[in-house]
Amino acid sequence: MQTDIGIFEGNKVMNFNGIEFIEKKRDGLPHNEEEFHAFIEAVMHKTIPDYQISAWLMAAFLNGLDDDELIYFTLALAGSGKTMIYPPEERIIDKHSTGGVGDKTTLVLVPLVAACGARISKLSGPGLGYTGGTIDKLESIPGINMHLSEDEFRGQVDKIGCAISGHSVKLAPAEGKFYKLRDVTGTVPSIPLITASIISKKLAGGAYGYLFDVKCGSGAFMNDIEKARELAQKLVEISKKLGKECVAVITDMEQPLGEWTGNSAEVREAIEILSGSGPSDTRELCLTLAGHMLNMSGRAGTADEGTQLAAQALDNGTALKKFEELISAQNGDSSVARDPERVLPRASSVCEIRSDRKGYLSRLDALLIGEGLRALGGGRLTQEDIIDPSVAIQLLKKVGDKVCQGDVLLRIYYNHDEQLLSALSYVNKCWQVGDSAVKRKLIIDMVY
Ligand code: URA
């Protein structure tokens, strides 16, 4: 693999007037490519103060960016650090989820599509929020190295077709600066700013095609379907304009995905799916996403054909074998694939939540469950917090399931009584039993 150094590494500093730049966006006028280049250069050279960057972010939040501006901004962010370069004929695929509770799809998809012959390069950012990220989840496996060097990362993709790592290369560093400022200036929920943030990191990662899983619901960034659709459309539109193959799938995050939330518990559930079992809706989602990834990689003529290939790999053991290979290549205890109960930690104290009436589960709020998990130590409030991989919340009923009075709805696996008390303040409010059965649709829409 080659890497390209950032476009702002040299000493060249363009003329840039921060006040004029802000005023232009304040007045609803478009910026050109050179202006974005100069802006990001000023950010990288720290010649523009944070208060001016913040003022521009608010102007962009209120007045938006048109597609040309979005492309110039995204390219300038992507070029602010190293860019990984793969030969296009390798058709490397990358996947991005906008994040949710119980989302273990990456753990399944990476070995699954590699088992079907595709190449997948997955660089993940650190998890911050109610649950751990992919890196935190895999770090439940003893010995595993989730911070590969560039050479190790590329060598592994060449050798076994897949690798998952935290960012060891500083990809799109200017984006990190913008993200931190957006977080404290009320400018996170903007479709153009989110689009530029996500695609700039994908571009710097060097893949040929992207699969976006845009989550929608209480446990997601986008709470309503209109906003989720708008984001999915913009991600696809801009990726295509930048010459990338791309599909976005909008999926339900009103309730958590699957039966388990919690870092080691989600690895266990991913292993179940890779072994050909596990919750049927989660398996179906993984197969749908894998179908599109295999189609983009050229391993399948259509997404449906890709889904069939992937189903065979789950059922004939090759996906699990690839998972074992992946864990072993990254120095983890690969016996986890065959004996997850022995290898993965699980908190020993259990608290059960039972239904006080009969009916059908009508609500299982993903956000409250995510907050409950964080209160148990399974997620972070600050980047410095240490995750407890062993805590978990098991969902024994999902929305639409029949419930009898006294049935166990949820099990909380915890290590400290005070953490349990704090978690209960969320979990006790997360469910509702009603009179009618309404199942939720997991795959809401697709955007090509
Ligand atoms: N995820 C990102 O990477 N960036 C955003 O702005 C929002 C979600």
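What counts as what
Residues numbered from 1 in each chain as written. Predicted model: local features only at pLDDT ≥ 70, side-chain atom pairs only at ≥ 80, totals over all residues. Heavy atoms only, no water. Helix = DSSP H or I, 4+ residues; strand = E, 2+ residues; numbered from the N terminus. Rg over C-alpha atoms; globule rule 2.2 N^0.38 Å. Buried < 20%, exposed > 50% of the residue type's maximum accessible area, 1.4 Å probe, protein only. Axes fitted to C-alpha atoms, helices over the stretch in contact; angles between N-to-C directions. Parallel < 35°, antiparallel > 145°, perpendicular 65-115°, else oblique. Contact = heavy atoms within 4.5 Å. Nonpolar A, V, L, I, M, F, W, Y, C, P; charged D, E, K, R; others polar. Pairing = 2+ DSSP bridges. Near = heavy atom within 4 Å. Polar contact = N/O pair within 3.5 Å; in protein donor to acceptor, adjacent residues only side chain to side chain. Areas by Shrake-Rupley, 256 points an atom, 1.4 Å probe, with all protein chains shown as cover. Core = buried A, V, L, I, M, F, W, Y, C linked by side-chain atoms within 4.5 Å. Domains from an automatic or database assignment. Phe/Tyr/Trp six-rings, centres within 6.5 Å; stacked < 30°, edge-to-face > 60°. Salt bridge = Lys/Arg side-chain N within 4 Å of Asp/Glu carboxyl O.

1. Here we look at the overall build of the chain
Phase 1 of the analysis: Scanning the chain from N- to C-terminus turns up 17 helices and 15 strands.
Phase 2 of the analysis: For 448 residues, the compact-globule estimate of 2.2 N^0.38 gives 22 Å, and the C-alpha radius of gyration of the chain, at 22 Å, lies within 12% of that figure.
Phase 3 of the analysis: Over its C-alpha atoms, taken along the principal directions, the chain stretches across nearly 70 × 45 × 40 Å.
Phase 4 of the analysis: Of all 448 residues assigned to the chain, the portion counted as buried reaches 57%.

2. Remarks on the packing of helix H5 (residues 105-115) against helix H14 (residues 318-329)
Phase 1 of the analysis: Following both chains from N to C, one finds H5 and H14 inclined at 110 degrees, their axes separated by 8 Å at the closest point. Our classification of the angle between H5 and H14 gives roughly perpendicular. Listed contacts from H14 to Leu 107, Val 110, Pro 111, Leu 112, Ala 114 and Ala 115 of H5 are Thr 318, Ala 319, Lys 322, Phe 323 and Leu 326.
Phase 2 of the analysis: Here the contact of H5 with H14 is built from residues that sort into nine nonpolar, one polar and one charged.

3. What to know about the sheet that holds strand S10 (residues 359-364)
Phase 1 of the analysis: The three strands are arranged S12-S10-S14 in an open sheet whose pairing can be described as antiparallel. Each having just a single partner strand, strand S12 (402-403) and strand S14 (431-434) make up the two edges of the open sheet.
Phase 2 of the analysis: Two strands pair when backbone bridges link them, and S10 and S14 are joined in this way by four bridges, in the antiparallel orientation. Bridging across to S14, Tyr 360 finds its partner in Gly 434.

4. So, the site of the ligand
Phase 1 of the analysis: The local shell around the ligand consists of Tyr 179, Arg 182, Ile 194, Ser 197, Ile 198, Lys 201 and Phe 221.
Phase 2 of the analysis: Arg 182 places a side-chain nitrogen or oxygen 2.9 Å from an oxygen atom of the ligand.
Phase 3 of the analysis: In the model, an oxygen atom of the ligand is placed 2.5 Å from a nitrogen or oxygen of the Lys 201 side chain.
Phase 4 of the analysis: In isolation the ligand has 240 Å² of accessible area, and contact with the protein removes 91% of it.
Phase 5 of the analysis: Looking at the shell around the ligand, the elements with two or more residues in it are helix H8 (173-183) and helix H9 (191-205).
Phase 6 of the analysis: Residue classes in the shell around the ligand are distributed as four nonpolar, one polar and two charged.

5. Topic: the nonpolar core
Phase 1 of the analysis: Residues Leu 112, Ile 141, Phe 323, Leu 364, Leu 410, Ile 412 and Trp 431 are the most contacted members of the largest nonpolar core, which totals 86 residues.
Phase 2 of the analysis: No other element matches the eight residues that helix H12 (residues 280-297) contributes to this core.
Phase 3 of the analysis: Looking at this core, you find at least three residues from each of domain 2 (87-341) and domain 3 (348-434).
Phase 4 of the analysis: In this view, Phe 323 contacts Leu 107, Pro 111, Ile 141, Val 267, Ile 271, Leu 274, Val 336 and Ala 337; residues no more than four positions away in its chain are not counted.

6. A word on the environment of Lys 180
Phase 1 of the analysis: Here Lys 180 is to be found in helix H8.
Phase 2 of the analysis: Its relative accessible area of 64% is what places Lys 180 among the exposed residues.
Phase 3 of the analysis: Taking the C-alpha atoms as reference points, Lys 180 and Ala 392, separated by 212 residues in sequence, lie 29 Å from one another.

7. Considerations on the side chain of Thr 98
Phase 1 of the analysis: Take Thr 98: it is sitting in the loop between strand S3 (93-97) and H5.
Phase 2 of the analysis: Those residues in contact with Thr 98 that lie beyond four places of it in its chain are Ile 198, Asp 213, Val 214, Lys 215 and Leu 231.

8. A word on the packing of aromatic side chains
Phase 1 of the analysis: For the structure on display, the rule yields 14 aromatic pairs.
Phase 2 of the analysis: The interplanar angle of 75 degrees and the centroid separation of 5.6 Å between the aromatic rings of Phe 39 and Phe 178 together place this pair among those described as edge-to-face. Of this pair, Phe 39 sits in helix H2 (residues 33-44) while Phe 178 sits in helix H8, placing them 139 residues apart in sequence.
Phase 3 of the analysis: For Phe 39, a relative accessible area of 0% puts it in the buried group.

9. Considering the pattern of salt bridges
Phase 1 of the analysis: Tallied over the full model, the rule gives 35 salt bridges.
Phase 2 of the analysis: One salt bridge in this structure joins Lys 227 and Glu 230, with 3.8 Å as the shortest N-O distance. Within this pair, Lys 227 and its partner Glu 230 are both found in helix H10 (residues 225-241), separated by three residues, close to a single helical turn.
Phase 3 of the analysis: Each of Asp 67, Lys 234, Glu 237 and Lys 241 takes part in one network of salt bridges that share partners.

10. Remarks on the sheet that holds strand S13 (residues 408-414)
Phase 1 of the analysis: Across the sheet, which stays open at both edges, the four strands sit in the order S8-S11-S13-S9 with antiparallel pairing between neighbours. The sheet is open, and its two edges are formed by strand S8 (260-261) and strand S9 (349-354), each paired on a single side.
Phase 2 of the analysis: Here S8 runs beside strand S11 (residues 392-395); their pairing, made up of two bridges, is antiparallel. Residue pairing in the sheet places Thr 261 in a bridge with Ile 393 of S11.
Phase 3 of the analysis: On the sheet, helix H16 (residues 366-376) packs against S8, S11 and S13 and is oriented at approximately 145 degrees with respect to S11.
Phase 4 of the analysis: Where helix H17 (residues 417-427) meets the sheet, it contacts S9, S11 and S13, and its direction lies at approximately 150 degrees from that of S13.

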